[in-house]
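The chain contents come next:
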Amino acid sequence: EPKVSFSKLTYEFSDTATPAFDVYVPSESLSAISADIYKYPGDSSFLNHLNEKISTPSWATYSVSSDVLPTNNLTKVVSLNLNIQKQKYSNFFSLPQTLPFGQYLVEVSAGGQKSQALFQVTNVSAYFTQSGTKTLVWVNSLANAPLSGATVTYNNSNQTTDQNGISYFETD
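Predicted, not measured: the structure shown is a model, and the values here were computed from it. (Residues numbered from 1 in each chain as written. Predicted model: local features only at pLDDT ≥ 70, side-chain atom pairs only at ≥ 80, totals over all residues. Heavy atoms only, no water.)

Draft legend 1. Spotlight on the sheet that holds strand S8 (residues 102-110). Spatially, the five strands line up as an open sheet ordered S2-S9-S8-S4-S5, and their pairing is mixed. Two strands bound the open sheet, and with one partner strand each, they are strand S2 (10-13) and strand S5 (75-83). Between one strand axis and the next, the sheet turns through 25 degrees on average, direction left out of account. In terms of strand pairing, strand S4 (residues 32-39) meets S8 through six bridges, oriented antiparallel. Looking at S8, one finds that Asp36 is bridged to Glu107. Where helix H1 (residues 43-54) meets the sheet, its contacts fall on S2, S8 and strand S9 (113-121), and the angle it forms with S9 comes to roughly 130 degrees. (Pairing = 2+ DSSP bridges. Helix = DSSP H or I, 4+ residues; strand = E, 2+ residues; numbered from the N terminus. Axes fitted to C-alpha atoms, helices over the stretch in contact; angles between N-to-C directions. Contact = heavy atoms within 4.5 Å.)

Draft legend 2. Geometry of the side chain of Thr135. For Thr135, the location among the structural elements is in strand S11 (residues 134-141). Here the side chain of Thr135 touches Thr171 through a polar contact of 2.8 Å, side chain to side chain. Setting aside residues no more than four positions away along its own chain, Thr135 makes contact with Phe128, Thr129, Gln130, Tyr154, Ser167, Tyr168, Phe169 and Thr171. (Polar contact = N/O pair within 3.5 Å; in protein donor to acceptor, adjacent residues only side chain to side chain.)

Draft legend 3. View of the pattern of salt bridges. Using the criterion set out here, one finds three salt bridges in the structure. Between Asp36 and Lys76 there is a salt bridge, with the nearest N and O atoms lying 3.9 Å from each other. Taken as a pair, Asp36 in strand S4 and Lys76 in strand S5 lie far apart in primary sequence, 40 residues in all. Across the salt bridge formed by Glu107 and Lys114, the nearest N and O atoms sit 3.7 Å from each other. Accessibility expressed as a relative area gives 5% for Glu107, which makes it buried. Relative accessible area serves as the criterion here: at 40%, Lys114 is assigned to the partly exposed category. (Salt bridge = Lys/Arg side-chain N within 4 Å of Asp/Glu carboxyl O. Buried < 20%, exposed > 50% of the residue type's maximum accessible area, 1.4 Å probe, protein only.)

Draft legend 4. Geometry of the environment of Ser14. Examined against the element boundaries, Ser14 turns out to sit in the loop between S2 and strand S3 (20-24). Owing to a relative accessible area of 16%, Ser14 belongs among the buried residues under this scheme. The spacing of Ser14 and Asn83 is 69 residues in sequence and 22 Å in space, taken between C-alpha atoms. Discounting chain neighbours no more than four positions away, the residues touching Ser14 are Val121, Thr122 and Leu142. Looking at Ser14, its side chain comes within polar contact range of the side chain of Thr16, at 3.0 Å.

Draft legend 5. View of the packing of aromatic side chains. What the rule picks out here adds up to 13 aromatic pairs. On the numbers, 6.3 Å between centres and 5 degrees between planes, the contact of Tyr11 with Phe13 is stacked. As far as burial versus exposure is concerned, Tyr11 and Phe13 are alike and both buried. Seen from their ring centres, Tyr40 and Phe46 are 5.3 Å apart, and the 85 degrees between their planes marks the pair as edge-to-face. Exposure class is identical for Tyr40 and Phe46. Each is buried. Here a set of aromatic residues connected by ring pairs shows up, and it is made of Phe6, Tyr11, Phe13, Phe21, Phe93, Tyr104 and Phe119. (Phe/Tyr/Trp six-rings, centres within 6.5 Å; stacked < 30°, edge-to-face > 60°.)

Draft legend 6. Summary view of the sheet that holds strand S6 (residues 85-86). Read across the open sheet, the four strands follow the order S1-S3-S7-S6; overall the sheet is antiparallel. With one partner strand each, in any of the chains shown, strand S1 (5-6) and S6 form the two edges of the open sheet. Where S3 lies against strand S7 (residues 91-94), four bridges are found, and the strand directions are antiparallel. Considered in S7, the bridge of Asp22 is made with Phe92.

Honestly, it's all geometry; don't read function into it.
Here it is as structure tokens:
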């Protein structure tokens, strides 16, 4: 049975963008999938699931039999049957609507197999880079304006962004 898998574990979209997900589809005959969208009740449950997913090394993902996160504490937003859009080197599907701000899980099913990805709908983006001594986090609104005064947490340390939306941490 073919298994549809996401190209990434996490995605981010603005509240004005229709979410679209790039997927790997091993069978040319597979042209549609069913998708369930779930909303997280808050940041902590989303972060718990994210940490659970990233604790498995990427090279071991296919050997883990329980790689599907539980959805019983999430709110189902919508169930959809969606066409897979095929291009020369990629495949994707799009949701038919935008979603409000929040954290979500998308679960697709094809051929009896399930695959999941986590995503956020937000108006904030962050860029992270690290050297041997410093870690820089740049926080920006999607309106291309730096976010001054935002609290950033890294390695159990909190910093506030400056007027350019930047905060620095010591690299461990």
